[in-house]
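Next come the chains, spelled out residue by residue.
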Amino acid sequence: MPLPAKLPPVTTISISLTEKVLPEKVSQSISITAPTRRVSTPPIVDDSVSAYWDYQFLFVSQRSETIDPITLRVVEGAVPPNFPLGTYYLTGPGLFTDDHGSTVHPLDGHGYLRAFTIDGVKGEVKFMARYIETEAQIEERDPVTGSWQFSHRGPFSVLKGGKKLGNTKVMKNVANTSVLRWGGRLFCLWEGGTPYEIESRSLDTVGKFDVIDGEDSSPGGGFRIGDVWDLAAQILKPILYEFDSNFKLLQKREFNIPDHLMLHDWGFTENHYILFGNRIKLDIPGSMTAVCGLSPMITALSLNPSKPTSPIYLLPRFPKESNSNNNGGEERDWKVAIEAPSQMWFLHVGNAYEEKDQDGNLQIQIQASGCSYQWFNFQKMFGSPGSAYAIPVVSINLDSGGNCERCSVDLLNEWDKTTDFPIINHHYSGRQNKHIYAATSSGLRKALPHFPFDTVVKLNTANNTTATWSVGSRRFIGEPIFIPKGIEEDDGYLLVVEYAVSTQRCYLVILDAKKIGEANALVARLELTARKCPECGQALPESYQPPADEDWSTGIFGCIEDPESCGMTLAALTALFHGMDPDTTLLICEGLLFAWWGCGIYTSIARQALQRQYHLKDAPCDPCMVHCCLHWCALCQEHREMKLHLSENLMPITIVEPPPLQAMNASQNRGGSASSSSGKDAGKPGLEIVPV
């Protein structure tokens, strides 16, 4: 069998992240180097109340979409002219709470796709955002009212306002995990279902794309129902496909792994697929509560700590005769797992590569994030007090016969802070790399010591040094993405989304990857300042211009033309002062004078609201001065204006006169009275039409 063609590296920028809310003033971000150098930081707010609300504001539902591109405002630095022209696609959960009392886990939130188109020459960034029209999104969102009602449970959630008992809608494909651009097409992915294809310019959802069968389907197709245990069981028989950039199938490999495992991520090298097995078992009490709808469906599973090791399966990419690692001896039995000497739940792979020496011995190194079985809990996926994500390096040495001589797990650069989402320069994917970037926690807040992340860390594997850049107090970040621009491995930029939850604003941050750890690492910070309609909250395009202010329909002294309003005012004053002595009248007038000014200031607020509603000019002057000096005239003018606009909003009534009573009797002469009827109606019974 000839050696199949190797796949080119994926150059898509993709990330899974929650997009949140938007702030008014941006504090200066700081850059620090650890562990050798300390830089002063602003005061840290570290109380339980602020920690609670900061965490809640990180997961705020996005109720609107940005269909037309808007330009982000540069608040610090500038977009570098040599920044590679392109679009940064970012997907993540966008909706967490519906309109009927249910809240879902962030992993079950509907996919919200954002696009940042960066033009370094123009120095600007355009932004768009759309919901991915998955089958679940179409079912749970009312297209007319825009309201949401969750009907799918999802693997990680419990519905409060929806159906609990007997709800089999578990596998909720929300396309919120990652973005892939391949073969000129854009896809939004989910870990347990078929990807959705997206039109890259408008962000419209094209439909489900079954890359295996080569079939496309519209968003309104059927929904596949399954459960969590089926998902775990299917992973025991992985089928791995390799396609070229034209979606031509290069090869297909099927394997049977004799163990109960769940895979969260995997990698591949020149000759191997690397599967990280996380041992699981069926949780009987959790299964019962999950079926009854009292707990998430994922609680039907639990970790299986029966062995103190973690299985790693090295599956051959190619058959024996084409495997470049085979030296004529027996092929290694891939069903025998490499047991890593640590109970580790593997999360996200940063890189994996293999090197062979002149004697045929093979060394495989894997850089991935993981956490201990002692912390990992299916019911507490974020922010548990004992969370400890780290970046371990797994080294595997195989002899020329494929036998494992050594397997070790070491903490990368001895960096022991909670860290996840490792990323590298993608040009070095599959070969030895020097730099790794990841999101980490500074650990400065005791109330939120591990998650959410607030720091970007740069790990140098060559000299074992570590440098960091932090966003500062009460701000969090998502996954960093590396954009190469030169020959050297760290010659490029890092993109990361910053969430200033305390001021409810969102920023796109551009960092110089070479200068992480230095004071000038920040290149640019751009604020998402979408203009929104004050009534519905929908983002407005940049071309939108509000209606120009118009003149009032009548003048301030239009009382003469409005005898009804003027007469009512004069009658009220006459009735008030009639029959009073001069002293009492003087006291009342003095009181009314002071009340006049106070009332004028207060009622001017209503005049301002009326002007905003109908786009009216400040005439004859500021609303407050109008009411202070011409209070009664202003009230009459506003009354006339409201009457005019209310009459304009009335729907015309069309009166339709009913037709006269018509009678048709079967006993009458059909031939003489049916001149307007066709002959085929002859012989039918008599009818009488009566208007209602």
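Everything that follows concerns the structure shown earlier in this document.
All residue numbers refer to position in the chain's written sequence, counted from 1. With the structure being a predicted model, the display of local features is reserved for residues of pLDDT at least 70 and the display and counting of side-chain atom pairs for 80 or more, all residues being used for whole-chain, interface and lining totals. Excluded from the side-chain calculation are hydrogens and water; included are all heavy atoms of the structure.

We now examine the overall build of the chain. Helix numbers and strand numbers start at the N terminus; a helix is a DSSP run of H or I with at least 4 residues, a strand a run of E with at least 2. Scanning the chain for helices and strands turns up nine helices and 35 strands. Burial classes follow relative accessibility: with a 1.4 Å probe on protein chains only, a residue under 20% of its type's maximum area counts as buried, one over 50% as exposed, and anything between as partly exposed. A total of 692 residues make up the chain; the buried ones form 46% of that total. Under the convention used here, a 1.4 Å probe and the Shrake-Rupley method define accessible areas, while residue burial counts only the protein chains that appear. On the chain, roughly 35,100 Å² of surface is accessible, and the fraction owed to carbon and sulfur atoms is 56%.

Ranked by internal contacts, the top residues of the largest apolar core, which has 70 residues, are W345, W469 and L511. Ranked by residues supplied to this core, first place goes to strand β31 (residues 492–500) with seven residues. As used here, the term nonpolar core means buried Ala, Val, Leu, Ile, Met, Phe, Trp, Tyr and Cys residues forming a set that is joined through side-chain atoms within 4.5 Å. Of all hydrophobic cores here, the second largest spans 18 residues; its members include F276, I312, L362 and C407.

The next subject is the pattern of salt bridges. What makes a salt bridge here is a side-chain nitrogen of Lys or Arg within 4 Å of a carboxyl oxygen of Asp or Glu, nothing more. Tallied over the entire structure, the rule returns 22 salt bridges. Between R474 and D54 there is a salt bridge whose closest N-O contact spans 2.7 Å. Of this pair, R474 sits in the loop between β28 (465–470) and β29 (476–477) while D54 sits in helix α1 (residues 48–58), and the two are 420 residues apart along the sequence. Classification of R474 as partly exposed rests on a relative accessible area of 22%. D54 sits in the buried class, given a relative accessible area of 0%. Measuring nitrogen to oxygen at the nearest pair gives 2.9 Å for the salt bridge that ties R130 to D204. Linking R130 in strand β6 (residues 124–131) with D204 in the loop between β9 (196–198) and β10 (205–210), this pair joins segments that are 74 residues apart in sequence. The class for D204 is partly exposed, based on a relative accessible area of 34%.

Turning to α1, a few remarks are in order. Taken together, the buried positions of α1 are occupied by S50, A51, D54 and L58. Down the axis of α1, the smallest arc covering the buried residues is 100°, so these residues share one side. Exposed positions of α1 whose direction lies more than 90 degrees from the buried face are S48 and V49. Contact between two residues is taken to exist if any of their heavy atoms lie within 4.5 Å; hydrogens are not considered. Contacts from the buried residues of α1 go to β29 and β31. Picture the helix axis, draw a direction to every C-beta atom, and the arc is the one those directions span.

Each aromatic pair joins two rings of Phe, Tyr and Trp (for Trp, the six-membered one) with centres within 6.5 Å, and gets the label stacked for planes under 30 degrees apart, edge-to-face for over 60, and tilted for any other angle. Summed over all chains, the structure comprises 21 aromatic pairs. Ring geometry for F83 against Y493: centres 5.2 Å apart, planes inclined by 25°, an arrangement best described as stacked. Here Y493 lies in strand β31 and F83 lies in the loop between β3 (73–77) and β4 (86–95), a separation of 410 residues in the sequence. Relative accessible area serves as the criterion here: at 6%, Y493 is assigned to the buried category. Ring pairs connect the aromatic residues Y55, F59, F96, F421, F451 and F453, which therefore count as one cluster. For R431, the ring lying beneath its charged end belongs to Y428, and the centroid distance is 4.1 Å. Any Lys NZ or Arg CZ that is within 6 Å of a ring centre and within 35 degrees of that ring's normal is treated as a charge sitting over the ring.

Bringing the sheet that holds strand β21 (residues 344–356) into the picture now. When DSSP locates at least two bridges between a pair of strands, those strands are taken to pair. Taken together, the four strands give an open sheet; going across it, the order is β21-β22-β23-β24, and neighbouring strands pair in antiparallel fashion. Each end of this open sheet is capped by a strand with a single partner; those strands are β21 and β24 (404–411). For this sheet, the mean angle separating the axes of adjacent strands, direction not counted, is 20°. With six bridges connecting them, strand β22 (residues 362–372) and strand β23 (residues 392–398) associate as antiparallel partners. Within β23, the position partnered with Q363 by the bridge is N397. The axes used here are C-alpha line fits, helices contributing only the stretch in contact, and every angle between their N-to-C directions lies in the interval 0 to 180 degrees.

Turning our eyes to something else, we now look at the state of the cysteines. By disulfide we mean two sulfur atoms from cysteines, separated by a distance within 2.5 Å. This model, assessed by the stated rule, comprises zero disulfides. Sulfur of C404: no disulfide; nearest cysteine sulfur belongs to C407 and is 5.6 Å away.

Our next topic: the pairing of β31. Burial within β31 is extensive, with nine of its nine residues counted as buried. Pairing of β29 with β31, which is carried by two bridges, proceeds in the antiparallel orientation. Bridged to F476 within β31 is Y499. With eight bridges joining them, β31 and strand β32 (residues 505–512) adopt antiparallel strand pairing. What sits directly across from A500, in β32, is R505. In this structure, the hairpin formed by β31 and β32 is closed by a connection of four residues, where Q504 is found at a positive phi of approximately 55°.

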